[in-house]
Amino acid sequence: MAKTFIVANWKMNKTTGQALEYARGLKAALLQNPVSAVVVIAPPFTGMRALAEELKDSAVCLAAQNMHPAARGAFTGEISGEMVVDAGCRYCIIGHSERRQLFGEDNHLINAKITAALNYGVMPIFCIGETLASRNAGETFSVLSKQLKEGLNKIPANDIGKIAIAYEPVWAIGTGLTATPGQVHEAHSFIRNLLSEIYGEKATADLSIIYGGSVTAANISSLMAEKEINGVLVGSASLDLASFLAIVNFK
Ligand code: 13P
């Protein structure tokens, strides 16, 4: 069965002190009120090590927001999969639309990062999603299909279940425009069907497909009511602990 993930993508927010204060509150709240979903925080690189210490006996896991595909070397400003693991992260967000749009990441580079993450035993949270222009042009499925096929190029079928797919329509990120549960259902069904066709039903049986884009405490319940939605990737609404807890404790 696919696991449910609730992931806080903090992006470029929070100093280590702010991150630790939040983590202590989250840990205590989950100890008192455990949830069945896997709760993950993706802090900036600078906070990872301290958070790993703080959260080591807790139910909260850590993700990096990015990693470089090479093992080591002259890549100023980058960190490797080995460093991600060493800093205490079991997950890594890969191919976020901000990385694609602002830092020029293409499907080829994203594929290399996914391959490297899997080699280090790190679960990629592989982000895909169409722009508003693509959606309006009726190209949503062809965009998703290309991102999936190129991003997962040469990944063996038995590794597909070790990846979580995050469907994040670019037009819904940071805009307050949430995709409707129906739109997300349609996209997630497309993703699961396509991957089942390519890799077989068995390979995708446990695959988690999560949604990101203006998720808040106000819309989490209607999104999670869709059985094709195996969790959420939350940006702005994850920065405040009370707001994130309201999402984590959705009914
Ligand atoms: P918002 O929740 O701020 O729209 O961001 C979504 C996102 O990009 C998560 O990765």
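Every value quoted in this text rests on a predicted model; they were computed, and no experiment measured them. (Residues numbered from 1 in each chain as written. Predicted model: local features only at pLDDT ≥ 70, side-chain atom pairs only at ≥ 80, totals over all residues. Heavy atoms only, no water.)

Colleague: So what's going on with the site of the ligand? Residues and values would help.
Modeller: The ligand sits among N9, K11, H96, E168, A172, I173, G174, G213, S214, L233, G235 and S236. Between the ligand and the protein, one listed contact pairs an oxygen atom with a side-chain N or O atom of N9 at 3.0 Å. A distance of 2.8 Å is found between an oxygen atom of the ligand and a side-chain nitrogen or oxygen belonging to H96. Protein chains shield 98% of the accessible area of the ligand, which is 300 Å² for the free molecule. For the shell around the ligand, the residue count by class is 3 nonpolar, 7 polar and 2 charged. (Near = heavy atom within 4 Å. Polar contact = N/O pair within 3.5 Å; in protein donor to acceptor, adjacent residues only side chain to side chain. Areas by Shrake-Rupley, 256 points an atom, 1.4 Å probe, with all protein chains shown as cover. Nonpolar A, V, L, I, M, F, W, Y, C, P; charged D, E, K, R; others polar.)

Colleague: Pulling in residues and values, what's your account of the environment of K202?
Modeller: Looking at the element boundaries, K202 is found in helix α9 (residues 201–204). The exposure class assigned to K202 is exposed, which follows from its relative accessible area of 79%. Separated by 13 residues in the primary sequence, K202 and V215 have C-alpha atoms spaced 30 Å apart. (Helix = DSSP H or I, 4+ residues; strand = E, 2+ residues; numbered from the N terminus. Buried < 20%, exposed > 50% of the residue type's maximum accessible area, 1.4 Å probe, protein only.)

Colleague: Tell me what's going on with helix α11 (residues 241–248), and back it up with residues and numbers.
Modeller: Listed in full, the buried residues belonging to α11 are F244, L245, I247 and V248. Axial view of α11: buried residues confined to an arc of 155°, hence all on one face. For α11, the elements touching its buried residues are β1 (5–9), α1 (16–32), β2 (38–42), α10 (220–224) and β8 (231–234). (Arc of directions from axis to C-beta. Contact = heavy atoms within 4.5 Å.)

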